[in-house]
Amino acid sequence: METPELVVHGQTASFSTALRSLVNNPRYSDVCFVVGQERQEIFAHRCLLACRCNFFQRLLGTELGPGVPSPVVLSTVPAEAFLAVLEFLYTNSVKLHRHSVLEVLTAAVEYGLEELRELCLEFVVKVLDVELVCEALQVAVTFGLGPLQERCIAFIEAHSQEALRTRGFVELSAAALLPLLRSDKLCVDEVELVRAAWSWARVGAAVLERPVAEVAAPVVRELRLALLAPAELSALEEQNRREPFIPVRTRGTRLRPTPQRGGPEREARPCPASSRKRQGPAVTRMPCRWSRSWRRGSATPCGEGMLPREHRAADAGGLCPGSTTAFWTCPSGDPVP
């Protein structure tokens, strides 16, 4: 007769507390990490790291032999984030903080810790705010975290003006900025978006030591200059002469108002489509010129200086004079101009 077997469990809290006491504890430690720009020493235990994480298994198996006390240098991860990673590896739990969660998330992705990555993602979504959202977007784009990228873009669309003024915005990479500029739902006038992109390009030019226009080239084509009023276009043209930002080819085709064939120059006029501004639980419509709620359509023959009403007619199949160019259509539910 076989002896019955049963797996029983002791208290997890005391076990976790005991292991947490070993985090960065030099006693019995057999590996030392030199972490971050400050080169802080952090102590750990090779066997525990190796059995919990393939990254450390490979690292410690190749870099160190038995009894070799040489420190392992990890200069790209901040000490606070690395300690959070160790806490998770030792105890399978971690205390996350808003100011450092993105660094912990980055480390989790780089070290292949999927469970820690998911915990960080859940926490980021809970604490997402105006100051954090652009930094979170950059991390999402860098590591291909699609759901987080979508949440960040949706948050920025609802808080556009505030997000454009943050330090995180001007520190975005071009790859992270492009999805924002392609959005139809940004709650901001286009002229403000142009100014924000200009500030972004200035910061990038200073960091990369390249001309502003060269840094701005990947994103300028996504600015919807046709939404600007003639006075704004003129002011932009004058500023562009002093500080080149928009390439000459773009200025020539999009910045200057376009005259109609056989008629006087036509100016943009107010349209009923509007930028959506949040004021408490209600959503109100604010007056605008051509707002980003007019969505970019596919190419169709139409006049380059046409107004939304005529673009809608072209979308419905009617022909109009002029070259093939992008037109604007109004989202369903908005009144016809």
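Starting afresh in each chain, residues are numbered from 1 along the sequence in its written order. Local features in this predicted model are restricted to residues whose pLDDT is 70 or higher, and side-chain atom pairs enter the listing and the counts only when it is 80 or higher, whereas totals over whole chains, interfaces and linings include all residues. For the side-chain quantities, the full set of heavy atoms in the structure was used; hydrogens and water were omitted.

## Here we look at the sheet that holds strand S2 (residues 40-44)
Read across the sheet, 3 strands follow the order S2-S1-S3 without closing on themselves; strand pairing throughout is mixed. The sheet is open, and its two edges are formed by S2 and strand S3 (72-74), each paired on a single side. The mean angle between the axes of side-by-side strands here comes to 30 degrees, regardless of whether they run parallel or antiparallel. In this sheet, S3 lies alongside strand S1 (residues 31-35) in parallel orientation, the contact comprising 3 bridges. Among the inter-strand pairings, Phe-33 is bridged to a residue of S3, identified as Val-72. Of the strands in this sheet, S1, S2 and S3 touch helix H4 (residues 79-91), which is tilted by about 5 degrees from S2. The rule for pairing is simple: two strands pair if DSSP sees at least two bridges between them. Helix numbers and strand numbers start at the N terminus; a helix is a DSSP run of H or I with at least 4 residues, a strand a run of E with at least 2. Lines fitted to the C-alpha atoms define the axes, with helices restricted to the stretch that makes contact. Angles between their N-to-C directions range from 0 to 180 degrees. In this description, contact between two residues means that some pair of their heavy atoms is separated by no more than 4.5 Å.

## Let's talk about a negative patch on the surface
Patch definition: residues with relative accessible area over 30% and no salt bridge; like charges joined within 9 Å; nonpolar side chains (Val, Leu, Ile, Met, Phe, Trp, Tyr) joined within 5 Å. Calculation of accessible area relied on Shrake-Rupley with a 1.4 Å probe; when residues are assessed, cover is drawn exclusively from the protein chains displayed. Whenever Lys or Arg places a side-chain nitrogen within 4 Å of a carboxyl oxygen from Asp or Glu, that contact is recorded as a salt bridge. The positive count covers Lys and Arg only, the negative count covers Asp and Glu only, and His and the chain ends enter neither. Here the site of a charge means NZ on Lys, CZ on Arg, CG on Asp, or CD on Glu. Taken together, the side chains of Glu-80, Glu-103, Glu-131 and Glu-135 define an acidic patch exposed on the protein surface. Relative to the assigned elements, Glu-80 resides in helix H4. Classification of residues uses two cut-offs on accessible area relative to the type maximum, computed with a 1.4 Å probe and protein chains only: under 20% is buried, over 50% is exposed, and between them is partly exposed. Its relative accessible area of 37% is what places Glu-80 among the partly exposed residues.

## Here's the deal with the packing of aromatic side chains
Pairing of aromatic rings covers Phe, Tyr and the six-membered ring of Trp, with a centre-to-centre limit of 6.5 Å; geometry is then stacked below 30 degrees between planes, edge-to-face above 60, and tilted otherwise. Evaluation of the coordinates by the stated rule reveals 7 aromatic pairs. Ring centres of Phe-33 and Phe-56 lie 5.8 Å apart, and the angle between their planes is 75 degrees; this geometry places the pair in the edge-to-face category. Of this pair, Phe-33 sits in strand S1 while Phe-56 sits in helix H3 (residues 54-63); the two residues are 23 residues apart in sequence, bridging distant segments of the chain. With a relative accessible area of 0%, Phe-33 lands in the buried category. Ring geometry for Phe-55 and Phe-56: centres 5.2 Å apart, planes at 80 degrees, overall edge-to-face. Here a set of aromatic residues connected by ring pairs shows up, and it is made of Phe-33, Phe-55, Phe-56, Phe-82 and Tyr-111. Against the face of Phe-88 rests Arg-52, its NZ or CZ located 5.4 Å from the ring centre. Our definition puts a charge over a ring when NZ of Lys or CZ of Arg is within 6 Å of the ring centre and also within 35 degrees of the ring normal.

## Thoughts on the environment of Leu-177
Here Leu-177 is to be found in helix H11 (residues 174-181). Along the backbone, Leu-177 and Pro-218 are 41 residues apart, and their C-alpha atoms lie at a distance of 9.7 Å.

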